[in-house]
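# An overview of the molecular structure
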Amino acid sequence: MIRRFFAIPLWQRTAAGFVLGILAGLILREKAEVWLQPIGDVYLNLIRMVVAPLVLFTIASSIAKLGEGVGAVRLGVRTLVWFAITSLLAVLVGFAFGHLINPGMGLSNLPLGEVRERVIPTPLDVLIGIVPTNPFAALSEGKVLQIIFFSALVGAALVALGDRAQTARRLVDEGASIIFRITRWVIQLTPFGVFGLIGSVVGGYGWEALLPLGKFIFAIYAACLFHILIVYSGLLKLHGLKARSFFRGAFAAQQTAFATSSSLGTLPITLRQTVERLGVPQAYAAFAVPLGASVKMDGCGAIYPAIASIFIAQYFNIDLSLTQYVLIGLTAVLGSLGTAGVPGTSIVMLTLTLSTAGLPLEGIGYIVAIDRIIDMMRTATNVTGQMLVPVLVAKEEKILNEDIYNGHVAWLPGDPEAETPDAVKASGI
């Protein structure tokens, strides 16, 4: 029976956990947080457990492999350019849906929620903070940007030492293989984690918290869905790729992102799907996906601040000028890089956007109560973009395995026996 359960595709098991979680939340109501949240917490702890070693070993291994070619810098530049392009498109989508739905019009006397003060670092502080004073502390505290920096140095040192570091290189590659194996075991528990997380959210929120801000919630969800299904699909088609194949490969990561509301928490699954189901070479994906999980936030850093700014301006009867729109757009595109690695990114980004555009910061208190509900959709959008960009860049660089992308073959990264052509087998996906 257990073997039959795990033979079911992951996305189907996760979808079942999602539906059962909703039903359990509706039945248990406020007790759902007591009974179901611990299940979700255990799953999140397992995911967070593998994030730091996964980033360390995979990036060190990927930099060592990319360093042997001539296109490593070009890959990095293309990745950052596409991060910026898709963020700009996300801001425009946010503006369009904000004015189409007008979420702040006709509202008054909303309950004011408590907003914890966030410290917004300067760009210089962020740059300084990328360099760890103690790499072991960065690993223990899960500071992903610092881990990326240190891992890149390790990878570069392996390239510079060449044959003298063959033992160390083999150790790094084998470490990556071990972490990938552990990651696959943890990922198999995703349906149970989704069940607990979704159930606790459904049980914890009552209709009284959602109805007054229904238009705002709808605007966020509609804009994110449009960005994923229309904008991303259009970019894929412009690159000669089938959108259906992308979403089939990305769906398991999207489900997990929606349930966990954490890009970093979803990182192991995002990386797995990008390599095994979307055909991006592991050497490149192991660099691009963790970087995207820290700085690529179309949902939290672009669509959400754009719509929230319009909502707050409408609620306070403020007419936004063209200059304010430009400032909001620039802040959304550049702000994710400037606040990379800062906890509570969505609130930090919104605070930064409102401050730059001269809008009242107290407006954040009116929407903070439903932040968890909209955070699910924002994170799913973030993670989708974090998978899309490596696919686009890999296609442009002619390194995308389109047989894997289109579901014709399956490849298990990190398994030595799967790295030979004879081990590539027909896939059931």
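The rules behind these values
- Residues numbered from 1 in each chain as written.
- Predicted model: local features only at pLDDT ≥ 70, side-chain atom pairs only at ≥ 80, totals over all residues.
- Heavy atoms only, no water.
- Core = buried A, V, L, I, M, F, W, Y, C linked by side-chain atoms within 4.5 Å.
- Buried < 20%, exposed > 50% of the residue type's maximum accessible area, 1.4 Å probe, protein only.
- Contact = heavy atoms within 4.5 Å.
- Helix = DSSP H or I, 4+ residues; strand = E, 2+ residues; numbered from the N terminus.
- Expected span 1.5 Å × (residues − 1).
- Phe/Tyr/Trp six-rings, centres within 6.5 Å; stacked < 30°, edge-to-face > 60°.
- Lys NZ or Arg CZ within 6 Å of the ring centre and 35° of its normal.
- pLDDT = per-residue confidence, 0-100.

## Comments concerning the nonpolar core
Counting residues in hydrophobic clusters, the biggest one holds 111 residues, and the most contacted among them are Phe216, Leu236, Phe246, Tyr304 and Val391. Not counting residues within four places of it along the chain, the set of residues in contact with Tyr304 comprises Phe216, Ile220, Gly299, Ser346, Ile347, Leu350, Ile367, Asp371, Ile374 and Arg378. One finds Ala64, Leu158, Ala165 and Val172 within the second-largest nonpolar core, a separate group that totals five residues.

## Focus: helix α9 (residues 166-187)
An α-helix turns once per 3.6 residues; consequently, residues spaced three or four apart project the same way. Relative to the 32 Å expected for 22 residues at 1.5 Å per residue, α9 spans 31 Å between its end C-alpha atoms, a close match to the ideal helical length. Burial in α9 covers these residues: Arg169, Val172, Gly175, Ala176, Ile179, Phe180, Thr183, Arg184, Val186 and Ile187. Taken together, the buried residues of α9 touch α2 (10-28), α4 (37-66), α8 (144-161), α10 (190-204), α14 (263-276) and α15 (282-295).

## As for the packing of aromatic side chains
Following the criterion strictly, the structure yields nine aromatic pairs and no others. Ring centres 5.6 Å apart and planes at 50° place the aromatic pair Phe18 and Phe258 in the tilted group. Separated by 240 residues along the polypeptide, Phe18 in helix α2 and Phe258 in helix α13 (residues 243-260) bring together distant segments of the chain. Its relative accessible area of 16% is what places Phe258 among the buried residues. Centre to centre, the rings of Phe311 and Tyr315 are 6.3 Å apart; their planes meet at 20°, and the pair counts as stacked. Of the two residues, Phe311 and Tyr315 are both situated in helix α16 (residues 299-315); the distance of four residues between them amounts to about one turn of the helix. Every member of this aromatic cluster is reached through a ring pair, and the members are Phe216, Tyr304, Phe311, Tyr315 and Phe316. The ring of Tyr304 is capped by Arg378, whose NZ or CZ atom sits 4.3 Å from the centre of that ring.

## A closer look at the confidence of the model for the protein chain
For the protein chain, the mean per-residue pLDDT works out to 82, and 86% of the residues sit at or above 70. Put simply, strand β2 (residues 425-426) is where the protein chain has its lowest mean pLDDT, 34, and helix α12 (residues 214-238) is where it has its highest, 95. Residue range residues 413-429 is modelled with pLDDT below 50. Its contacts to residues more than four positions away, or to other chains, number 27 contacts.

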